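# Topology and contacts: notes
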Amino acid sequence: AKPIVAVVGRPNVGKSTLFNKIAGKRIAIVEDEPGVTRDRIYTEVEWLNYKFTLIDTGGIEPESEEIIPAQMRRQAELAIETANVIVFMADGKQGLTASDREIADMLRKSKKPVILVLNKVDTKEQSPHYYDFYEIGLGDPIEVSSALGLGIGDLLDEIAKNF
Ligand code: GDP
Ligand code: MG
């Protein structure tokens, strides 16, 4: 069976933007405000000689602020159950948050391969928050700009290393 790769992270970090960029088309809904509810979204991806299924877990994003933590835990649990590789996305502009730490703890404990991605790094300069992310114990962050399509090839290479 093809490996399954799931993208998890807080609302609004850019999961759906990355998903659409890799899918090469607009499947997931990208919203300026968090809170678009949709089913999980899948796409089949081919990268070099690799084939995998990519899931945007944020398709099931919450509508109210109060249930965001619970929804994120559910997303992370789903990813841990179903995915072979988990892409954990945070916001390189905003930096590390308490919710990021909470998801990171769950993912680390799962022992699944996790790739930490800092999105919204839109220039060649490193995120000013880069080194803060070492604290969550998920290794070297990979910096991307999903909107501009920067760093996506490096991310796909990193994903494929885990197949
Ligand atoms: P999701 O909730 O994690 O799926 O996030 P979305 O993909 O819906 O994106 C949330 C917001 O972040 C939207 O306004 C996007 O246009 C914006 N965004 C996504 N990726 C980038 C990026 O690489 N750079 C910048 N500057 N904005 C981004
Ligand atoms: Mg989304």
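As shown above, the structure is provided for reference.
This report concerns the structure included in the present document. All values reported here derive from a predicted model rather than from experimental measurement. (Residues numbered from 1 in each chain as written. Chains lettered and ligands numbered in written order. Predicted model: local features only at pLDDT ≥ 70, side-chain atom pairs only at ≥ 80, totals over all residues.)

Let's shift gears to the nonpolar core. Among the nonpolar cores identified, the biggest contains 38 residues, and Ala-6, Ile-86, Val-87, Phe-88, Ile-115 and Val-117 are the most heavily contacted of them. Taken together, the elements giving at least two residues each to this core come down to strand E1 (4–9), helix H1 (15–23), strand E3 (50–56), helix H2 (68–82), strand E4 (85–91), helix H3 (98–110), strand E5 (114–119) and helix H4 (152–160). Here the element with the most residues in this core is E4; it accounts for 6 residues. Beyond its immediate stretch of four places on either side in the chain, Val-87 contacts Val-5, Ala-6, Val-7, Ile-115, Val-117 and Ile-159. (Core = buried A, V, L, I, M, F, W, Y, C linked by C-beta atoms within 7 Å. Buried ≥ 20, exposed ≤ 12 C-beta atoms within 10 Å, placed from the backbone. Helix = DSSP H or I, 4+ residues; strand = E, 2+ residues; numbered from the N terminus. Contact = placed C-beta atoms within 7 Å.)

So, on to the site of ligand 1. Taken together, 20 residues surround ligand 1, and among them Gly-14, Lys-15, Ser-16, Thr-17 and Ala-147 come closest. Here the shell around ligand 1 takes 3 residues from H1, the largest share from any one element. Classifying every residue of the shell around ligand 1 by side-chain character gives 5 nonpolar, 9 polar and 6 charged. (Near = placed C-beta within 6 Å. Nonpolar A, V, L, I, M, F, W, Y, C, P; charged D, E, K, R; others polar.)

Below, the discussion takes up the sheet that holds E5. Taken in spatial order, the 6 strands make up an open sheet running E2-E3-E1-E4-E5-E6, and their pairing is mixed. With one partner strand each, in any of the chains shown, strand E2 (41–47) and strand E6 (142–143) form the two edges of the open sheet. As defined by bridge partners, E1 adjoins E3 across 4 bridges and the pair is classed as parallel. Residue pairing across strands places Ala-6 opposite Ile-55, the latter belonging to E3. Strand contacts of H2: E1 and E4, with the helix running at about 165° to E1, the strand carrying the most contacts. The strands touched by H3 within the sheet are E1, E4 and E5, with E4 carrying the most contacts at an inclination of about 165°. (Pairing = 2+ DSSP bridges. Axes fitted to C-alpha atoms, helices over the stretch in contact; angles between N-to-C directions.)

Moving on: the pairing of E3. Two elements, E2 and E3, share 7 bridges in a ladder whose sense is antiparallel. Its bridge partner being in E3, Val-45 is matched across the sheet by Phe-52. Two successive antiparallel strands, E2 and E3, enclose a turn made up of 2 residues, where Leu-48 displays a positive phi of approximately 55°.

With 5 of 6 residues buried, E1 is to be regarded as a mostly interior element. Bridge count for E1 against E4 is 5 bridges, and the pairing is parallel. Its bridge partner being in E4, Val-8 is matched across the sheet by Phe-88.

Inspection of the secondary structure puts Leu-138 in the loop between E5 and E6. Given 19 C-beta atoms within a 10 Å radius, Leu-138 is considered partly exposed. For the pair Leu-138 and Ala-28, spaced 110 residues apart in sequence, the C-alpha separation works out to 26 Å. With near-sequence residues (within four places) excluded, Leu-138 lies in contact with Phe-88, Ala-104, Arg-108, Val-114 and Leu-116.

What follows is about unusual backbone geometry. Located in the positive-phi region is Leu-48, a residue other than glycine, with phi close to 55°. With respect to the helices and strands, Leu-48 occurs in the loop between E2 and E3.

For the rest of this paragraph, the subject is H1. The element H1 is extensively covered by neighbouring structure, given that 8 of its 9 residues are classed as buried. Looking at H1, one finds that the buried residues are Lys-15, Ser-16, Thr-17, Leu-18, Phe-19, Asn-20, Lys-21 and Ile-22. Where the residues of H1 are buried, they touch E1, E2, E3, E4, E5 and H4. Gly-24 sits one or two positions beyond H1 and adopts a positive phi of about 80°.

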